[in-house]
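# A look at the structure
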Amino acid sequence: MTAANPSISTVPSGYSSVSPWLITRDTNALFEFITAAFGAEEIDRVVGEDGTIGHAEARIGDSVVLAFDSRAHWPETPSYLRLYTHDADAAFHAALAAGATAVSVLDNSAWGDRGARVQDPLGNVWWIMSHMGDVSDDEAASRWDAPEYAAGMEYAVESLRRHMTGQPDAPVPDEVKAMAPVTRTEGVPAVPAGYRSVEPWIISRSTPELLDFITAAFGAKEAFRVPMEDGAIGHAEAKIGDSNILAFDSQPDWPPTPAFLRVYVGDGDAAFAAALAAGATAVTNMTEMFWGDVVGRVRDPLGNLWWIHSRVAEPTEEEAYERMMDPKFVKAMEYVSGVDFFAKG
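Conventions we followed
Residues numbered from 1 in each chain as written. Predicted model: local features only at pLDDT ≥ 70, side-chain atom pairs only at ≥ 80, totals over all residues. Heavy atoms only, no water. Patch = residues over 30% accessible without salt bridge, like charges linked within 9 Å, V, L, I, M, F, W, Y side chains within 5 Å. Areas by Shrake-Rupley, 256 points an atom, 1.4 Å probe, with all protein chains shown as cover. Salt bridge = Lys/Arg side-chain N within 4 Å of Asp/Glu carboxyl O. Lys, Arg positive; Asp, Glu negative; His and termini not counted. Charge placed at Lys NZ, Arg CZ, Asp CG, Glu CD. Helix = DSSP H or I, 4+ residues; strand = E, 2+ residues; numbered from the N terminus. Pairing = 2+ DSSP bridges. Axes fitted to C-alpha atoms, helices over the stretch in contact; angles between N-to-C directions. Contact = heavy atoms within 4.5 Å. Core = buried A, V, L, I, M, F, W, Y, C linked by side-chain atoms within 4.5 Å. Buried < 20%, exposed > 50% of the residue type's maximum accessible area, 1.4 Å probe, protein only.

Bringing a negative patch on the surface into the picture now. A cluster of acidic side chains, namely E148, E154, D174 and E175, defines a negative patch on the protein surface. Within the secondary structure, E175 sits in helix α5 (residues 174-177).

Next up, the structure:
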């Protein structure tokens, strides 16, 4: 056990409590896409002896996305992400120009956002959104009576269903085709208050179970959940630290959609133990790494993989390099990187 250092902030400067991992066949191609489409700025990449990328980071707005190359025998692992940007129309068209395909076209929502969904060339699906105006709950509810918003919601649901089941694109309703871009209300930020530029969707067979797990393991605080007529959860949100987790229930005929997430906590050992007590299985035990974090990985009962990080040291770049050569940390890296979390049998 390595005790957390109370003098060190729980989350490193410039990062957030929760960050998504994007695991793809080609991290370099992914970064080329998010740079062209969303103006991402690469922070770091670590290339292994075999040429594969073992760790990379890029900043989009106020958020950091993490990435590394998958192994040849791993299944496809698409991530599902919501991106708030200043101009959803421009980002949507830039994404298409960079090789993405449309999952749903641009439309305006009853709650004041404009956006669309795309699948990038590596298989990840992005909800590209821009906040155009603050809408009260009462006003949003009244908008559902308008044909264009009702048609837009039906289209959003159907277009994603078809995408997830490999069917042809959903027809775009005339009401959605007629939706013109709207002007952002003066003083309204493109990213709504309390949210971040990039936040992960977790799509699972039971959103209530997911919310129970992250509450027990990471102290998440549920914001709301929206049940559908059939009892499924169509949208839910919870906050872990300074970050929002977005979630909804999958359908029986959808493929598995595990999420991959890094979470910074104040006490890694306690969070790791709490996660196991809440039904997770250990993938790697809490292990101190040369850069000053203690890291463990767990798979939650819904199949999502969590990297649990706790900061115990703040080495300088020179100190980190010296620690990297220390046999203790060499062994730690071999242990963490040597575990195949998609191993069969």
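Spatially, the 8 strands line up as an open sheet ordered β6-β7-β8-β5-β9-β12-β11-β10, and their pairing is mixed. With one partner strand each, in any of the chains shown, β6 (101-108) and β10 (221-227) form the two edges of the open sheet. Recorded for the sheet is a direction-independent mean angle of 20 degrees between the axes of neighbouring strands. Lying on the sheet, helix α2 (residues 88-97) is in contact with β6, β7 (113-119) and β8 (125-131); it crosses β6 at an angle near 165 degrees.

So, on to the nonpolar core. Among the nonpolar cores identified, the biggest contains 30 residues, and F213, I214, F218, I240, V263, W306 and I308 are the most heavily contacted of them. Those elements that place two or more of their residues in this core are α6 (207-218), β11 (233-240), β12 (243-249), β13 (260-264), α7 (268-277), β15 (293-299) and β16 (305-311). Element by element, the count of residues in this core is highest for α6, at 6 residues. With residues up to four places along the chain from it excluded, the contact list for I240 reads S17, V18, I214, F218, A220, I245, V263 and W306. Formed by 28 residues, the second largest nonpolar core is a distinct cluster that contains F31, A37, I53 and F92.

Right, let's get into the pattern of salt bridges. Taken as a whole, this structure holds 14 salt bridges when the rule is applied. As a salt-bridge pair, E42 and R45 come within 2.8 Å of each other at their nearest N and O atoms. Judged by its relative accessible area of 40%, E42 falls in the partly exposed class. The partly exposed category is assigned to R45, whose relative accessible area is 29%. One salt bridge in this structure joins R162 and E158, with 2.8 Å as the shortest N-O distance. Taken together, the residues span about one helical turn, with R162 and E158 both in helix α4 (residues 147-164) at a distance of 4 residues. The network of salt bridges with common partners includes R82, E199 and E237.

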